[in-house]
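# Remarks on the overall topology
One letter stands for each residue in the lines below.
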Amino acid sequence: MLQLALTHRSFSYENGGVPTNERLEFLGDSVLGLLITQALFERYPALDESKLSPLRSSVVSTRALATIARDLELGQYLRIGKGEESTGGRDKNSLLADSLEALVGAIYIEHGYLATAETVLRWCESALEAATADGATLDAKTALQELAAARGLTPPEYDVTQSGPDHDKSFTASAILSGERFAPGDGKSKREAEQVAAKLAFESLSARSL
């Protein structure tokens, strides 16, 4: 099960079509979403859905999951194809995030809900704490727009690109304010990528003195 969770489709293409981690990723994505939703629901009883939703998006974003995967040194254990290896696949945000979700799916199948919850919440504790800092309790795009107005900057614009096949697209967005382009954010949808980009720009602007 562990080997399956770590097997990327690029490895399968080069090795006779062996099973990949995509089904486990599908399962793990849902399990992870449920666990983080429950954790936020219990931790923040005063927050309504409009604030809990962006918090969840922040914790389970591609960028956040890739950070956790790097902390676990997951990249070195992945089974990827030579082509993916040559382009730095072991350190790609999207590949690391997908593999982490597959690992969550495998743990869930092997050990059940409670053990998975304990493991996932331990991995995600830093992300859960960070999500409530620096305005993340607001929708990130709204928070950035309000900060831009307060600083006399132009309203945020977003430059979005996409890559990957139709069944597994990934998106990268950069926030642009008054001609300045901020660090890009990644996501599995345009909205997620824009939210991550907005959060990064918000953090960068907030750190600057007025």
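What you see is a predicted model, and the numbers here were worked out from it, not measured in a lab. Numbering of residues starts from 1 in every chain and runs along the sequence as written. The predicted origin of the model limits local features to residues at a pLDDT of at least 70 and limits the giving and counting of side-chain atom pairs to 80 or more, whereas totals for whole chains, interfaces and linings rest on all residues. Each side-chain value is derived from all of the structure's non-hydrogen atoms; neither hydrogens nor water enter the calculation.

### Focus: the confidence of the model for the protein chain
Each residue carries a pLDDT score, the predictor's confidence in it, ranging from 0 to 100. Across the protein chain, the average pLDDT comes to 89, with 96% of residues at 70 or higher. Starting at the N terminus, helices and strands are each numbered in turn, a helix being any DSSP run of H or I of at least four residues and a strand any DSSP run of E of at least two. Within the protein chain, no element has a lower average pLDDT than helix 4 (residues 49-59), which sits at 80, and none a higher one than helix 1 (residues 2-5), at 96.

### Some thoughts on the side chain of D186
One can find D186 in strand 4 (residues 185-187). Residue exposure (1.4 Å probe, protein chains only): buried if accessible area is under 20% of the type maximum, exposed if over 50%, otherwise partly exposed. Positive residues here are Lys and Arg, negative ones are Asp and Glu, while His and the chain termini are left out of the count. Each salt bridge in this description consists of a side-chain nitrogen of Lys or Arg and a carboxyl oxygen of Asp or Glu lying within 4 Å of one another. Summary of buried charges: D186 has no salt-bridge partner, and the nearest side chain of opposite charge, R63, is 5.4 Å away. Side chain to side chain, D186 and N93 meet in a polar contact 2.9 Å long. Side-chain polar atoms of D186 contact the side chain of T172, separated by 2.9 Å. Apart from residues no more than four positions distant in its own chain, D186 is found in contact with T62, R63, N93, F171, T172, E192, A193 and V196. Here a polar contact is recorded for every N or O atom pair within 3.5 Å, except that within protein the pair must consist of a potential hydrogen donor and a potential acceptor, and residues adjacent in sequence are included only if both atoms are side-chain atoms. Any two residues whose heavy atoms approach within 4.5 Å are treated as being in contact.

### Structural notes on the environment of E25
Of note, E25 is situated in helix 3 (residues 22-43). In sequence terms E25 and A97 are 72 residues apart; their C-alpha atoms lie 9.3 Å from each other. Not counting residues up to four positions away in its chain, the partners in contact with E25 are D98, E101, A102 and K188.

### Topic: the environment of L74
In this fold, L74 is placed in the loop between helix 5 (62-71) and helix 6 (82-86). Residue classification places L74 among the buried residues on the basis of a relative accessible area of 6%. As for L74 and L96, which are separated by 22 residues in sequence, their C-alpha atoms are 7.3 Å apart. In contact with L74, not counting residues within four places along its chain, are L6, A69, L96, S99, L100 and L103.

### A closer look at the side chain of N93
Topologically, N93 is positioned in helix 7 (residues 93-131). The residues touching N93, leaving out its near neighbours within four places in the chain, are T62, R63, A66, R70 and D186.

### Focus: the packing of helix 8 (residues 140-150) against helix 9 (residues 190-206)
Any two packed helices are characterised by how steeply their axes cross, that is the angle between the axes, and by the distance between the axes. Orientation is described by axes fitted as lines to C-alpha atoms, over the contacting stretch for helices, and by angles from 0 to 180 degrees between their N-to-C directions. It is at 8 Å that the axes of helix 8 and helix 9 come closest, and there the two elements cross at 35 degrees. Crossing of helix 8 over helix 9 shows left-handed handedness. Every residue of helix 9 that contacts helix 8 at A140, K141, A143, L144 and L147 is listed here: E194, Q195, A198, K199, A201, F202, L205 and S206. Residues were grouped as follows: Ala, Val, Leu, Ile, Met, Phe, Trp, Tyr, Cys and Pro as nonpolar; Asp, Glu, Lys and Arg as charged; and all remaining residues, including Gly, as polar. Tallied by class, the residues present in the contact of helix 8 with helix 9 amount to eight nonpolar, two polar and three charged. Take the far helix as the reference: if the near one is turned anticlockwise from it by less than a right angle, the crossing is left-handed, and if turned clockwise, right-handed.

### Re the layout of surface pockets
What the largest pocket holds in volume is close to 450 Å³. Looking at the largest pocket, it is lined by 25 residues, and the ones nearest its centre are S58, S61, A64, A130 and K199. For the lining of the largest pocket, the elements supplying multiple residues, two or more each, are helix 4, helix 5, helix 7 and helix 9. Sort the elements by how many residues they give to the lining of the largest pocket and helix 9 lands first, with six residues. When residues of the lining of the second largest pocket are traced back to their parent elements, those giving at least two are helix 7 and strand 4. With a 1 Å grid laid over protein atoms only, a set of points is called a cavity when a 1.4 Å probe fits there but cannot get out and a pocket when it is open yet has protein on both sides within 12 Å along at least five of seven lines; lining residues have an atom within 4 Å of a point. Grid points are joined across faces, edges and corners, and a volume is the space filled by probe spheres set on the points.

### Looking at the pairing of strand 1 (residues 157-163)
Any two strands between which DSSP finds at least two bridges are classified as paired. Across seven bridges, strand 1 lies against strand 2 (residues 170-177) in antiparallel orientation. Across the sheet, residue V160 finds its bridge partner in strand 2, namely A173. Between the antiparallel neighbours strand 1 and strand 2 lie six residues, among them G164 with a positive phi of about 95 degrees.

### Description of unusual backbone geometry
Peptide bonds are, in most cases, trans, and in most cases residues other than glycine have a negative phi. Residue E73 is not a glycine yet carries a positive backbone phi of 55 degrees. Locating E73 in the fold gives a position in the loop between helix 5 and helix 6. Using a relative accessible area of 48% as the deciding quantity, one classes E73 as partly exposed.

### Notes on a nonpolar patch on the surface
By definition, no residue in a patch forms a salt bridge, and every one has over 30% relative accessible area; like charges are joined within 9 Å, nonpolar side chains (Val, Leu, Ile, Met, Phe, Trp, Tyr) within 5 Å. The Shrake-Rupley method, run with a 1.4 Å probe sphere, supplies the accessible areas, and residue values consider only the shown protein chains as cover. Together, M1, L34, Y108, I109, Y113 and L114 make up an exposed nonpolar region whose accessible area comes to about 580 Å². Residue contributions to the nonpolar patch peak at four residues, all from helix 7. Along the chain, the position of M1 falls in the segment before helix 1.

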